[in-house]
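Here is what each chain is made of, one letter per residue.
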Amino acid sequence: MRLTELLKTEQVTISCELFPPKQGAQLENYKKTVAEVAALKPAYMSVTYGATGGTSDYTVELANEVCNVNHIPALAHLTCASSTKEKVASVIRELKEKKIENILALRGDIPEHVDFPLPGQYTHASELIADIRAQGDFCIGGACYPEGHPESETIFTDLDHLKEKVEAGCEFLTTQMFFDNNILYNFMYKALKKGIDVPIVAGIMPVTSRAQVKRSIALSGCMIPPRFAAIVDRFGDDPAAMKQAGIAYATDQIIDLIANGVNHVHIYTMNKPDVAGAILDHLSYIYVREG
Ligand code: FAD
């Protein structure tokens, strides 16, 4: 299923994200995690590409597991900064073979110790989006940053480039994590004013340990509001309490988003079906799962 069919409706959707293993030996365990998350009946599941400790080698395989084994629509991430155009073309061919219709097209982090960009290779996600479009009939999404991408001078220059991404063929956007919903509402207003009118899926990271807060800030540069900082200060040294509070905070963010008309939410599941399951249990009348 093409995700825009879901995302253009008023229907509430909650999706989950997984990352692939570092080594092939771990693949069977990761497939079990896919099945456990699929059993929660998210609207779709995404699989990252070379992010959060996983490698790019198993993204297509896990995305195949999502849609062709567990029968949940799959969104395969694909990055280009550390890839050649030939490698990207071969991944696109694999995705076509497996009938995976949805791609989240990303630049990825700039590789260290190399002259970037390499001559004739990708510089920005917009170029990847145009290439994917030229090579197949995919539903293509991209990333956006409610607080601005860390490399951008201002949120406005970032929005100019986001507009280019949409014009290149990006049909929906998924946001970077944020911990204050007002930041998202403000971003959505600015995006709309720029003429960016594709569906925006709100990315929510349930933070369940103090270490994860540090990692999340280091990765995304996102702001931690005082209300959430107080939770980490109070419960950060008690793993069970921090997990419970983190799940409650993420749930509260999602309820507020849906109450304010943001109908599409993506949970950065971090391969933790118990955390995603606890959030979805709290939303059982808000996000009604079929089947
Ligand atoms: P771009 O859209 O190319 O933007 C990167 C920067 O370049 C921005 O500052 C932008 O304003 C600027 N820019 C864009 N176009 C131009 C232009 N024409 N001229 C000048 N500047 C320009 N990383 C992974 O490695 N694997 C993943 O699976 C992954 N999944 C992600 C999922 C989501 C929802 C998000 C939000 C991020 C994800 N990332 C992933 C991280 C992402 O790859 C990084 O944030 C990366 O630094 C930027 O990727 P992008 O696609 O947003 O890049």
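The structure we're discussing is the one just above.
Per chain, the residues get numbers from 1 upward, laid out in the order the sequence is written. Local features in a predicted model are, by the rule used here, given only for residues with pLDDT of at least 70; side-chain atom pairs are given and counted only at 80 or more, and totals for whole chains, interfaces and linings are based on all residues. Just so you know, side-chain values use all the structure's heavy atoms and leave hydrogens and water out.

Draft legend 1. Fine view of the packing of aromatic side chains. In summary, the pairing rule links any two rings of Phe, Tyr or Trp, Trp by its six-membered ring, whose centres are within 6.5 Å, and it sorts them by plane angle into stacked for under 30 degrees, edge-to-face for over 60 and tilted for everything else. In this structure the tally under the stated criterion is 3 aromatic pairs. Taking 6.4 Å as the distance between ring centres and 70° as the angle between the ring planes, the aromatic pair formed by Phe19 and Tyr30 counts as edge-to-face. A residue pair is termed long-range when its members are at least 10 positions apart, and Phe19 in the loop between strand 1 (13-18) and helix 2 (27-38) and Tyr30 in helix 2 qualify at 11 residues. The class for Phe19 is buried, based on a relative accessible area of 15%. A 1.4 Å probe rolled over the protein chains alone gives each residue an accessible area, and that area as a share of the maximum for its type sets the label: buried under 20%, exposed over 50%, partly exposed in between. Assessed through its relative accessible area of 17%, Tyr30 is described here as buried. Taken together, a centroid distance of 5.2 Å and an interplanar angle of 0° make the contact between Phe179 and Phe228 stacked. Here Phe179 is found in the loop between strand 6 (172-175) and helix 7 (181-193), whereas its partner Phe228 is found in helix 9 (residues 226-235), with 49 residues between them in sequence. Since its relative accessible area comes to 1%, Phe179 is described here as buried. Clustering of aromatic rings is evident, with ring pairs tying together Phe179, Phe228 and Tyr249. What counts as a helix is a DSSP run of H or I of at least four residues, what counts as a strand is a run of E of at least two, and both are numbered from the N terminus.

Draft legend 2. View of the nonpolar core. Side-chain atoms within 4.5 Å are what join buried Ala, Val, Leu, Ile, Met, Phe, Trp, Tyr and Cys residues into a set we call a nonpolar core. Within the largest apolar cluster, 95 residues are counted, with the highest numbers of intra-cluster contacts made by Ile14, Met45, Leu78, Ile132, Leu173, Phe228 and Ile254. Counting residues per element, this core draws most heavily on helix 10 (residues 239-259), which supplies 8 residues. Only heavy atoms enter the contact rule, under which two residues are in contact if any of them lie within 4.5 Å. Apart from residues no more than four positions distant in its own chain, Ile14 is found in contact with Pro42, Ala43, Tyr44, Ile254, Val265, Ile267, Leu280, Leu283 and Tyr287.

Draft legend 3. Seen up close, the side chain of His266. Looking at where His266 falls in the secondary structure, it is placed in strand 8 (residues 264-267). Residue His266 is classed as buried on the basis of its relative accessible area of 2%. Throughout this description, a polar contact denotes any pair of N or O atoms lying within 3.5 Å of each other; where both atoms belong to protein, one of them has to be capable of donating a hydrogen while the other can accept it, and for residues adjacent in sequence the pair is counted only when both atoms sit in side chains. In terms of polar contacts, His266 uses its side chain to reach the side chain of Ser15, at 2.6 Å. Separated by 3.2 Å, the side chains of His266 and Glu17 make a polar contact.

Draft legend 4. Expanded view of helix 10. A helix is expected to span 1.5 Å multiplied by its residue count minus one. In this model, helix 10 (21 residues) spans 30 Å end to end at C-alpha, consistent with the 30 Å of a helix rising 1.5 Å per residue. Considered for burial, the residues of helix 10 that qualify are Ala241, Met242, Ala245, Gly246, Ile247, Tyr249, Ala250, Thr251, Gln253, Ile254, Leu257 and Ile258. After helix 10 finishes, the residue Gly261 shows a positive phi value of roughly 90°.

Draft legend 5. Representation of the sheet that holds strand 3 (residues 74-79) within the structure. Any two strands with at least two DSSP-identified bridges between them are counted as paired. Within the closed barrel, the 8 strands sit side by side as 1-2-3-4-5-6-7-8. Their pairing is parallel. Between one strand axis and the next, the sheet turns through 30° on average, direction left out of account. Note: strand 4 (residues 102-106) against strand 5 (residues 139-144), 3 bridges, orientation parallel. Opposite Leu104, over in strand 5, you have Gly141 as the bridge partner. Geometry is summarised by axes, namely lines fitted to C-alpha atoms with helices restricted to the contacting stretch, and by angles between N-to-C directions that run from 0 to 180 degrees. Its contacts with the sheet put helix 7 on strand 5, strand 6 and strand 7 (200-204), and the angle it makes with strand 7 is roughly 160°.

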